[in-house]
Amino acid sequence: MATYIVGDIQGCFDELQQLLNQVQFDPQSDTLWLAGDLVARGPKSLETLRFVRSLGNAAQCILGNHDLHLLAVHLGLFSSKPKDKTANIFSAPDRNELMDWLRQQPLLAEHPEFVMCHAGISPQWDLPTARQAAKNIEQCLQSDNWQWLIENMYSNQPTQWSESLEGIELYRYSINAFTRMRFCLRDGTLDLECKLPPEQAHSSGLLPWFLVPNRISLEKTVIFGHWAALMGCNDLQANVIGLDTGCVWGEYLSMLRWEDKQLFTQRAIK
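Residues numbered from 1 in each chain as written. Predicted model: local features only at pLDDT ≥ 70, side-chain atom pairs only at ≥ 80, totals over all residues. Heavy atoms only, no water.

(A) Representation of the pattern of salt bridges in the model. Enumeration over the complete set of coordinates arrives at eight salt bridges. When the shortest N-O distance is used, the salt bridge between aspartate 14 and lysine 44 registers 3.0 Å. Pair noted here: aspartate 14 is in helix H1 (residues 13–22) and lysine 44 is in the loop between strand S2 (31–34) and helix H2 (45–54), with a separation of 30 residues, a long-range link. Given the relative accessible area of 26%, lysine 44 is considered partly exposed. The salt bridge partner of glutamate 110 is lysine 220, with a shortest N-O separation of 2.7 Å. Pair noted here: glutamate 110 is in strand S4 (residues 109–110) and lysine 220 is in the loop between strand S8 (207–208) and strand S9 (221–224), with a separation of 110 residues, a long-range link. Overall, glutamate 110 belongs to the partly exposed group, its relative accessible area being 33%. (Salt bridge = Lys/Arg side-chain N within 4 Å of Asp/Glu carboxyl O. Helix = DSSP H or I, 4+ residues; strand = E, 2+ residues; numbered from the N terminus. Buried < 20%, exposed > 50% of the residue type's maximum accessible area, 1.4 Å probe, protein only.)

What follows is the structure, encoded as structure tokens:
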């Protein structure tokens, strides 16, 4: 029995299969944890969705920003962009079943020794607060009211956590922290605009969310994806592991076996 954790797939289905072949993944005994962004700019988003769904309880998936955007396109709020390579999902005979399955997935998944989210956990949250924030979103997504959330989630505000947040402002902050966050100001305020490399952003007073001073310590390792510019990250002091290594950008797909911390990689197939 092994626990495998893979970074952003973004439709790079063939590379995922190569990785699973490397470790002789067995869904009867092993578990595959997926750090969000199953879909988007790789060539086989539809195949990726179908495969992960077919794994049933052998897969633990969370939602990334591209997965949430796919739900927005499904609702007709946006058109499918050619660069996202997701158009065939919307003509697939199992489209509705896949979208219903996708919106049942959480924003935070928890293992006895680690937690997994797509972008990160707000530096101002302890673990119980993060659990509750995720639960709020999950309950809304899984309800009959889920379309309201997707229609209203797009905003960079609020950027500062407060226990007084409620309604759509609470939901927006939570979604942005879990699925979009990279940089914060030193006081923990989210900066969702910066596109600079980490070393350049530092001169602007911005820090990776996990390096914010006085970040609340979590008792478990945080595993995340989303940030290809880091090309992976294993910060022992911050107790975080990043697994997005830019496969969709021509780099490679990374997968961690939790029990012995061995990292497996697969170069992008051209």
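(B) Fine view of the sheet that holds S4. Strand order in the open sheet formed by five strands is S4-S5-S9-S11-S10, and the pairing between neighbours is mixed. Because the sheet does not close on itself, it has two edges, and the strands there are S4 and strand S10 (233–235). As judged from the three bridges shared by S9 and strand S11 (residues 240–242), these two strands associate in the parallel manner. When the sheet's bridge partners are listed, phenylalanine 224 is paired in S11 with glycine 242. (Pairing = 2+ DSSP bridges.)

(C) Spatial organisation of H1. Among the residues making up H1, those that are buried are Phe13, Glu15, Leu16, Leu19 and Leu20. Looking straight down H1, one finds that the buried residues subtend no more than 160° of arc, so they occupy a single side. Positive backbone phi, approximately 50°, marks glutamine 24, located one or two places after H1. (Arc of directions from axis to C-beta.)

(D) Representation of the side chain of lysine 220 in the model. Taking the relative accessible area as the measure of exposure, lysine 220 reaches 14% and is therefore buried. Here lysine 220 is in contact with Glu110, His111, Pro112, Glu113, Phe114, Val115, Leu127 and Asn239, once residues within four sequence places are set aside. (Contact = heavy atoms within 4.5 Å.)

(E) Broad picture of the environment of isoleucine 5. Note that isoleucine 5 resides in strand S1 (residues 3–6). In sequence terms isoleucine 5 and tryptophan 146 are 141 residues apart; their C-alpha atoms lie 28 Å from each other.

(F) Inspection of the side chain of serine 45 at higher detail. Examined against the element boundaries, serine 45 turns out to sit in helix H2. Exposure remark for serine 45: the relative accessible area of 1% places this residue in the buried category. A polar atom in the side chain of serine 45 sits 3.0 Å from the backbone nitrogen of alanine 40. Those residues in contact with serine 45 that sit more than four places away from it in its chain are Gln10, Gly11, Val39, Ala40, Asp84, Lys85, Thr86 and Ile89. (Polar contact = N/O pair within 3.5 Å; in protein donor to acceptor, adjacent residues only side chain to side chain.)

(G) Quick look at the packing of H2 against helix H4 (residues 95–102). Packing of H2 against H4 leaves a shortest axis separation of 11 Å and a crossing angle of 65°. Seen from above, H2 lies across H4 with left-handed handedness. Only Glu97, Leu98, Met99, Trp101 and Leu102 of H4 make contact with H2, whose side of the interface consists of Leu46, Leu49, Arg50, Val52 and Arg53. Considering only residue class, the contact of H2 with H4 consists of seven nonpolar, no polar and three charged. (Axes fitted to C-alpha atoms, helices over the stretch in contact; angles between N-to-C directions. Left-handed = near helix turned anticlockwise from the far one by under 90°. Nonpolar A, V, L, I, M, F, W, Y, C, P; charged D, E, K, R; others polar.)

Functional significance is not addressed by these values, which are geometric in nature.
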